[in-house]
Amino acid sequence: MAARPPQGDTDEPESIEFGIAALDARLDRAGVRFPATTEELIASMGDTGVPYDGAGNTLDLAEVLRELPEERFETERDFLNRLHPIFEDRRRSGAGSLLGRVRSILPF
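About the criteria used
- Residues numbered from 1 in each chain as written.
- Predicted model: local features only at pLDDT ≥ 70, side-chain atom pairs only at ≥ 80, totals over all residues.
- Heavy atoms only, no water.
- Helix = DSSP H or I, 4+ residues; strand = E, 2+ residues; numbered from the N terminus.
- Buried < 20%, exposed > 50% of the residue type's maximum accessible area, 1.4 Å probe, protein only.
- Contact = heavy atoms within 4.5 Å.
- Areas by Shrake-Rupley, 256 points an atom, 1.4 Å probe, with all protein chains shown as cover.
- Patch = residues over 30% accessible without salt bridge, like charges linked within 9 Å, V, L, I, M, F, W, Y side chains within 5 Å.
- Salt bridge = Lys/Arg side-chain N within 4 Å of Asp/Glu carboxyl O.
- Lys, Arg positive; Asp, Glu negative; His and termini not counted.
- Charge placed at Lys NZ, Arg CZ, Asp CG, Glu CD.
- Core = buried A, V, L, I, M, F, W, Y, C linked by side-chain atoms within 4.5 Å.

Counting secondary structure elements, the protein chain contains five helices and six strands. Each helix and strand of the protein chain, ordered N terminal to C terminal, gives the series β-β-α-β-α-β-β-α-β-α-α. Residue burial in the protein chain is summarised as follows: out of 108 residues, 31% are buried. Taking all contacts inside the protein chain whose residues are at least 6 apart in sequence as the whole, residues at least 24 apart take part in 51%. As displayed, the protein chain has an accessible area near 6,900 Å², and 50% of this comes from carbon and sulfur atoms.

Here you go:
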């Protein structure tokens, strides 16, 4: 997913990536090749905090991967499909809290 940032400063990116879109971009930048194991993915990612909402809240990918029963992913699509519901659940649970609702309306 992606959200448009507040308008005004032309030095800012046109959108903010989070969730699976952010993870997909990081996989591309890291040069990850599939099939890949959990440990290979964690090692190639470096920082494993991936934003799951437009407010910049992060999900620790290394922690999530170590909890999954799968230890090997054949394709990038399989990997992203497996993680998508986890990102969505986290995004929804954050949006339902009072703090999550306040963060969603603030521009930072």
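So much for the structure itself; the text now carries on.
In this section: the environment of Ala-62. On the secondary structure map, Ala-62 appears in helix α3 (residues 61-67). Residues Ala-62 and Ala-43 lie 19 residues apart in sequence; the distance between their C-alpha atoms is 9.2 Å. Excluding anything up to four places from it in sequence, Ala-62 contacts Ile-42 and Thr-48.

As a further point, take a negative patch on the surface. Taken together, Asp-47, Asp-60, Glu-63 and Glu-67 make up a surface patch of like negative charges. Counting through the fold element by element, Glu-63 comes out in helix α3. Judged by relative accessible area, which is 48%, Glu-63 ranks as partly exposed.

In this structure, Leu-23, Leu-27, Leu-41, Leu-65, Phe-79, Leu-83 and Phe-87 are the most contacted members of the largest nonpolar core, which totals 22 residues. With sequence-adjacent residues up to four places away left out, Leu-65 is seen in contact with Thr-38, Leu-41, Ile-42, Glu-70, Phe-73, Phe-79 and Leu-83.

Take the pattern of salt bridges next. What the rule picks out here adds up to six salt bridges. The salt bridge involving Arg-92 is made with Glu-88; its shortest N-O contact spans 3.6 Å. On the criterion of helical spacing, the pair formed by Arg-92 and Glu-88 is a turn pair, its members being four residues apart in helix α4 (residues 76-96). On the accessibility criterion, Glu-88 (12% relative accessible area) is buried. By sharing partners, the salt bridges in this structure join Glu-88, Asp-89, Arg-91 and Arg-92 into a single network.

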